Amino acid sequence: MSTVRSRREQYSQATKTALLEAATRRFAEHGFAGTSLEDVAADIQATRGAVYHHFAGKKALFEAVFEQLEAAAIDECVDVVEAATDPWQAAFDALDTFLGHCCDPVYGKIVWHEAPLALGWLRWREWEEQFAYGLIHELIGALMDHGGLERRPLETVSRIAFSMLSAAGLALSEAAEADKPRLREEYGTTIRRIMTGLRVS
């Protein structure tokens, strides 16, 4: 019985993974409104019932896709932070990693364009706070403690940094592919200059 259950669980997990992959492609290409559960199921030769077995509906499926993309981005940022040798390198390496994700068409379309529509503005902001703001707050705190950043209100500086990154992310996601390398460099350079301007001389 345990072998049968194990195979069932493996099949169920494989189906869920395939649904998430298919949904990611659909949401990126057609948007939330232009994607149906039937389309997602058909892409992996499954039934609509198979989708409902794993997700309560289209919004729940979208949330799972959104969470997966954001978690992967934050995990990569955390990896570069942990590999850095000092707080400034950690912050700027995380910035470069974040801007790189925002240049990705799938991440940009789903996270910056579709998520506010699919989840609603307030819910989307809650998710962004959960994923991005905590890491920003931690990095700014490390700069104040060990990196020579002026000891200003941590919450205020973190909010300003969060807003700058949000503006950069949205701009990169909207840019033509040919313009993204230039804009990535411009936003990265500008944010670095603003942050280093708060450095204790």
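Throughout this description, residue numbers start from 1 for each chain and increase along the sequence as written. Owing to the predicted nature of the model, reporting of local features is limited to residues with pLDDT of at least 70; listing and counting of side-chain atom pairs is limited to 80 or more, with chain, interface and lining totals taken over all residues. With hydrogens and water excluded, all non-hydrogen atoms of the structure serve as input to the side-chain values.

## A look at the overall build of the protein chain
As a reminder, the rule being used: Helical segments are the DSSP runs of H or I of at least four residues, strand segments are the runs of E of at least two, and each set is numbered from the N terminus. Summary of the burial criterion: residues with accessible area below 20% of their type's maximum are buried, those above 50% are exposed, and those between are partly exposed, where the area comes from a 1.4 Å probe applied to protein chains only. Only heavy atoms matter for contacts: two residues are in contact if any of them lie within 4.5 Å across the pair. For the area figures, the Shrake-Rupley method with a 1.4 Å probe applies, and any residue is considered shielded solely by the protein chains shown.
Across its full length, the protein chain holds nine helices and zero strands. The proportion of buried residues among the 201 residues of the protein chain is 43%. Partitioning the contacts of the protein chain with sequence separation of at least 6, the portion at a separation of at least 24 is 68%. Here the protein chain displays about 10,800 Å² of accessible surface, and carbon together with sulfur accounts for 54% of that area.

## With respect to the pattern of salt bridges
Defined as follows: Salt bridges are identified by distance alone: a Lys or Arg side-chain nitrogen within 4 Å of an Asp or Glu carboxyl oxygen.
Scanning the entire structure with this criterion turns up 13 salt bridges. The salt bridge involving Glu63 is made with Arg123; its shortest N-O contact spans 3.6 Å. Of this pair, Glu63 sits in helix 4 (residues 58–83) while Arg123 sits in helix 7 (residues 121–146); the two residues are 60 residues apart in sequence, bridging distant segments of the chain. With its nearest N and O atoms 3.0 Å apart, the salt bridge here joins Glu155 to Arg159. Separated by four residues within a single helix, Glu155 and Arg159 lie in helix 8 (residues 154–174), roughly one turn from each other.

## Description of the environment of Val106
Note on placement: Val106 falls in helix 6 (residues 105–119). Sequence separation between Val106 and Ser173 is 67 residues, and the spatial gap between their C-alpha atoms is 9.1 Å. Contact partners of Val106, with chain neighbours within four places excluded, come to Thr24, Ala28 and Leu69.

## So, the packing of helix 5 (residues 87–103) against helix 7
Put simply, the test is: Lines fitted to C-alpha atoms define the axes here, with helix axes fitted over just the stretch in contact, and angles between the N-to-C directions of these axes take values from 0 to 180 degrees. Geometric relationships in this document are graded by angle, where less than 35 degrees denotes roughly parallel, more than 145 denotes roughly antiparallel, 65 to 115 denotes roughly perpendicular, and other angles denote oblique. Helix crossings get a hand from a simple test, with the near helix turned counterclockwise from the far one by less than a right angle marking a left-handed crossing and a clockwise turn marking a right-handed one. Basically, the charged four are Asp, Glu, Lys and Arg, the nonpolar ten are Ala, Val, Leu, Ile, Met, Phe, Trp, Tyr, Cys and Pro, and anything else, Gly included, counts as polar.
Between helix 5 and helix 7, whose axes approach to 9 Å, the crossing angle comes to 160°. In terms of axis orientation, helix 5 runs roughly antiparallel to helix 7. Helix-helix and strand crossings are classified by hand; for helix 5 and helix 7 the assignment is left-handed. Across the interface between the two elements, Pro87, Trp88, Ala90, Ala91 and Ala94 of helix 5 pack against Leu139, Ala142, Leu143 and His146 of helix 7. Residues that form the contact of helix 5 with helix 7 fall into these classes: eight nonpolar, one polar and no charged.

## Considerations on the environment of Met195
With respect to the element layout, Met195 can be found in helix 9 (residues 180–196). Overall, Met195 belongs to the buried group, its relative accessible area being 8%. It is 9.8 Å that separates the C-alpha atoms of Met195 and Phe92, two residues lying 103 residues apart in sequence. Excluding residues that lie within four positions of it along the chain, Met195 makes contacts with Trp88, Ile140, Leu149, Val157 and Met164.

## Section: helix 8
Put simply, the test is: Expected helix span is computed as 1.5 Å times (number of residues minus one).
For helix 8, which comprises 21 residues, the first-to-last C-alpha distance of 30 Å matches the rise-based estimate of 30 Å (1.5 Å per residue) to within 8%. Against the buried residues of helix 8 lie helix 5, helix 6, helix 7 and helix 9.

## Quick look at helix 6
Spelled out, the test is: Bend is the name given here to the angle between axes fitted to two runs of seven residues, the run ending at a residue and the run starting at it. Counted as a polar contact is a pair of N or O atoms within 3.5 Å, where, for protein atoms, one must be capable of donating a hydrogen and the other of accepting one, and residues adjacent in sequence contribute only when both atoms are in side chains.
Compared with an ideal rise of 1.5 Å per residue, which puts 15 residues at 21 Å, helix 6 spans 19 Å between its outermost C-alpha atoms and is within 8% of the ideal. At His113, helix 6 shows its strongest bend, of approximately 35°, with the proline Pro116 following within four residues. Along helix 6, the residues classified as buried are Tyr107, Gly108, Ile110, Val111, Trp112, Glu114, Ala115, Pro116, Ala118 and Leu119. Two to three positions downstream of the cap, the backbone nitrogen of Val106 sits 3.2 Å from a side-chain oxygen, assigning the N-cap of helix 6 to Asp104. After helix 6 finishes, the residue Gly120 shows a positive phi value of roughly 90°.

## Topic: the environment of Pro116
Checked against the element boundaries, Pro116 lands in helix 6. Judged by relative accessible area, Pro116 falls into the buried class, the value being 18%. Expressed as a C-alpha distance, the spacing of Pro116 and Leu183, which sit 67 residues apart in the sequence, is 23 Å. When residues no more than four places from it in sequence are discounted, the contact partners of Pro116 are Val111, Trp121 and Trp124.

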